[in-house]
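Descriptive structure summary
Letter by letter, the chains look like this.
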Amino acid sequence: MRYFTRRRRPNVLRGLATGITAGIAATLIMDQFQKISTAGQKAVEKQIRLASHESAEAIERDQQQKEQLAQQQEDSTEIVARKIAEIAGKQLPPEEKKRAGQAVHYAFGTLMGAVYGVTAELVPEVTTGGGTAYGTLLFLAAHEVAVPAFQLSPAPTDTPPRDHLQHWAAHVVYGGSLELIRSLLRRLM
């Protein structure tokens, strides 16, 4: 018995709507993945140091210092948010910087979701790998090339390999989530 899948005609508006919605959700999932992987990395580092007979107090103190230093540094989305505020003639207060950076991150994730949704309608091959190829492409183009080129982050050669892997994995999670949610929404429409 042969099964035929019903192929719908491309619809740019449907692609835009599903892409925007999936982009927001995939960005949220990516954020959660990054939080979990960062916590896991911190726990592994602690266990390795405990196995080397370092004191738990010294390890905790070092981890707190790293966290404080990381909070003081602007990440790429916070730099973009600050520059947008400056262009608008405003000063971004330090207590709003993290939230503004998150807004930039979600806006970019939503925009990339919209691009993906429309492209998937017109060129279905973009969904290859369940969206993970798109996530990898986004990682390479944005995170590894554009962000350092615009001096929003250090050069890739100045970043530890495990950070590259963690960010790549987060983008793969983004792409996979994006395609899963987009395809589910498309079936409902």
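Per chain, the residues get numbers from 1 upward, laid out in the order the sequence is written. In keeping with the predicted nature of the model, local features appear solely for residues at pLDDT of at least 70, side-chain atom pairs appear and are counted solely at 80 or more, and the whole-chain, interface and lining totals rest on all residues. Only heavy atoms go into the side-chain values, all of them from the structure, while hydrogens and water stay out.

So, on to the packing of helix α5 (residues 132-149) against helix α6 (residues 161-188). To define axes, lines are fitted to C-alpha atoms, for helices over the stretch in contact only, and angles between the resulting N-to-C directions are given on a 0 to 180 degree scale. Each helix is a run of H or I in the DSSP string that is no shorter than four residues. Each strand is a run of E no shorter than two, and both are numbered from the N terminus. Packing of α5 against α6 leaves a shortest axis separation of 7 Å and a crossing angle of 135°. It follows from the interaxial angle that α5 and α6 lie oblique. Crossing of α5 over α6 shows right-handed handedness. When α5 is examined against α6, the residues Thr 132, Tyr 134, Gly 135, Thr 136, Leu 138, Phe 139, His 143 and Glu 144 are found in contact with a partner set consisting of His 164, His 167, Trp 168, His 171, Val 172, Tyr 174, Gly 175, Gly 176 and Leu 178. Among the residues forming the contact of α5 with α6, the class breakdown is seven nonpolar, nine polar and one charged. Working definition: roughly parallel below 35 degrees, roughly antiparallel above 145 degrees, roughly perpendicular at 65 to 115 degrees, and oblique for all remaining angles. When the near helix sits turned anticlockwise from the far one by under a right angle, the crossing is termed left-handed; a clockwise turn instead gives a right-handed crossing. Whether two residues are in contact is decided by their heavy atoms: any pair within 4.5 Å suffices. Lys, Arg, Asp and Glu make up the charged group, whereas Ala, Val, Leu, Ile, Met, Phe, Trp, Tyr, Cys and Pro make up the nonpolar group; the residues left over, Gly among them, are polar.

So, on to the side chain of Arg 182. Relative to the elements of secondary structure, Arg 182 occurs in helix α6. The buried label goes to any residue with under 20% of its type's maximum accessible area, the exposed label to any with over 50%, and the partly exposed label to all in between, with areas taken from a 1.4 Å probe on protein chains only. Since its relative accessible area comes to 6%, Arg 182 is described here as buried.

If you look at the biggest cluster of nonpolar residues, it comprises 12 residues: Ala 22, Ala 26, Met 30, Met 112, Tyr 116, Tyr 134, Leu 138, Ala 142, Ala 170, Tyr 174, Leu 178 and Ile 181. Mapped onto this core, the elements with two or more residues apiece are α1 (12-51), α4 (94-122), α5 and α6. Looking at this core, the element that brings in the most residues is α6, giving four residues. Setting aside anything within four residues of it in sequence, one finds Tyr 116 in contact with Val 126, Thr 127, Gly 131, Tyr 134, Leu 178, Glu 179 and Arg 182. In this text, buried Ala, Val, Leu, Ile, Met, Phe, Trp, Tyr and Cys residues form a nonpolar core when linked through side-chain atoms within 4.5 Å. Counting residues in hydrophobic clusters, the runner-up holds five residues, among them Ala 81, Leu 92, Ala 100 and Val 104.

By convention in these notes, a salt bridge is any Lys or Arg side-chain nitrogen within 4 Å of a carboxyl oxygen on Asp or Glu. For the structure on display, the rule yields 12 salt bridges. Across the pair Lys 42 and Glu 67 runs a salt bridge whose closest N-O atoms are separated by 2.4 Å. With Lys 42 in helix α1 and Glu 67 in helix α2 (residues 56-72), this residue pair connects regions lying 25 residues apart in the sequence. In this structure Lys 42 comes out as partly exposed when scored by relative accessible area, which is 31%. According to the relative accessible area criterion, Glu 67 is partly exposed, its value standing at 37%. One salt bridge connects Glu 121 with Arg 186, and the closest N-O pair in it is separated by 2.5 Å. Of this pair, Glu 121 sits in helix α4 while Arg 186 sits in helix α6, and the two are 65 residues apart along the sequence. Residue Glu 121 shares its accessibility class with Arg 186, and that shared class is buried.

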